Amino acid sequence: MITSADNEKLKTIRKLQQKRWRTKLGLFSAEGEDLVGPDPEFILRSGVDVEPELLDAVSTLGSGTRVIGVYRQRWSEPAGDVLVYLHGVEDPGNVGTIIRSAHALADATVVLGPGCADPYSPKAVRASMGSIFTHPPARATLDDLDGRKVALDAKADRDLREIDVTSPVVLVMGSERGGLPEGVERARIPVHADSLNVAMAATVGLYETALRMADDG
């Protein structure tokens, strides 16, 4: 059992809280029994592999944790009937939530464009709730992607339901601050408020797209 804070595995977990080390090592960490994924580099379990207070000291959760796993980062190819392209989405919680929604609703891959948050940050991994393991994100520019590109924009003139979403389709999502890229179709999701959070909008868009594609099939 690990009894020293100077243990190399604990040092690695601490390093992985910083993006520069995640990039340099090509690793990330996942905390909690509901987020233990396949093929870890190593796993530390509280009271089994390491003293509980030492594991809590490297946890990013306020309440501490009972298990932390370290994994190799993986990246997908940007291919499939449905893709979700993120344009400058800077909040890691939103990135992780969209990865989870894309997996759950459309078996889709999330493609990260420039300026997006690190999908392997602790907050993004937690928000993905395990989908980061089965549906790793991809990296590309919008010009690299094939298919009809539809940006969800609260100010668009047409509703999403008026757009032909037969595959392949790329749902384009941007942050409220950064806006959306030029040269794409725009469609809105009718709401009573001014707009939706980007993760909520992506979830609704994915549900609508998957439902219509299933009906057409």
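Details of the structure are given in the entry above.
(A) Main features of the overall build of the protein chain. Of regular secondary structure, the protein chain possesses 7 helices and 9 strands. Overall size of the protein chain, expressed as C-alpha extent along the three principal axes, is 60 × 35 × 30 Å. Total accessible area computed for the protein chain in this model is approximately 11,000 Å², and 46% of it derives from carbon and sulfur atoms. Between the mean site of the 25 positive side-chain charges and the mean site of the 32 negative ones, the protein chain shows a separation of 5 Å.

(B) Structural detail: the side chain of aspartate 153. Within the fold, aspartate 153 resides in the loop between β7 (148–152) and β8 (169–174). A relative accessible area of 17% places aspartate 153 in the buried class.

(C) Spatial organisation of the sheet that holds strand β2 (residues 42–45). Overall, antiparallel pairing links the 3 strands, which are arranged β1-β3-β2 in an open sheet. Each edge of the open sheet carries a strand with a single partner, namely β1 (27–31) and β2. The average undirected angle you get between the axes of adjacent strands in this sheet is 15 degrees. Across 4 bridges, β2 lies against strand β3 (residues 67–72) in antiparallel orientation. Directly across from isoleucine 43, in β3, lies its bridge partner glycine 69. Helix α1 (residues 8–15) contacts β1, β2 and β3 of the sheet and is inclined by roughly 100 degrees relative to β2.

(D) Representation of unusual backbone geometry. Of note, aspartate 39 is a non-glycine position whose phi angle comes to about 55 degrees, a positive value. Relative to the assigned elements, aspartate 39 resides in the loop between β1 and β2. Phi is positive for aspartate 107, close to 50 degrees, though the residue is something other than glycine. As for its placement among the helices and strands, aspartate 107 is situated in the loop between α4 (92–106) and β5 (109–112).

What counts, and where the lines are drawn
Throughout this description, residue numbers start from 1 for each chain and increase along the sequence as written. Per-residue local features of the predicted model are confined to residues with pLDDT of at least 70, and side-chain atom pairs are confined, for both listing and counting, to 80 or more; whole-chain, interface and lining totals are unaffected and use all residues. Just so you know, side-chain values use all the structure's heavy atoms and leave hydrogens and water out. A helix here means a DSSP run of H or I that spans at least four residues, while a strand means a run of E at least two residues long, and both kinds are numbered starting from the N terminus. Per-residue and other accessible areas were derived by the Shrake-Rupley procedure at a 1.4 Å probe size, with only the shown protein chains allowed to occlude residues. Positive: Lys, Arg. Negative: Asp, Glu. His and the chain ends are not part of the count. By convention, the point assigned to a charge is CZ for Arg, NZ for Lys, CD for Glu and CG for Asp. Exposure is judged per residue with a 1.4 Å probe applied to protein chains only, and the accessible area is read against the type maximum: over 50% gives exposed, under 20% gives buried, and values in between give partly exposed. One bridge is not enough; two strands pair if DSSP finds at least two bridges between them. The convention used is that axes are lines fitted to C-alpha atoms, helices contributing only their stretch in contact, and that angles between N-to-C directions extend from 0 to 180 degrees. Contacts between residues were defined by any pair of non-hydrogen atoms, one from each residue, lying within 4.5 Å.

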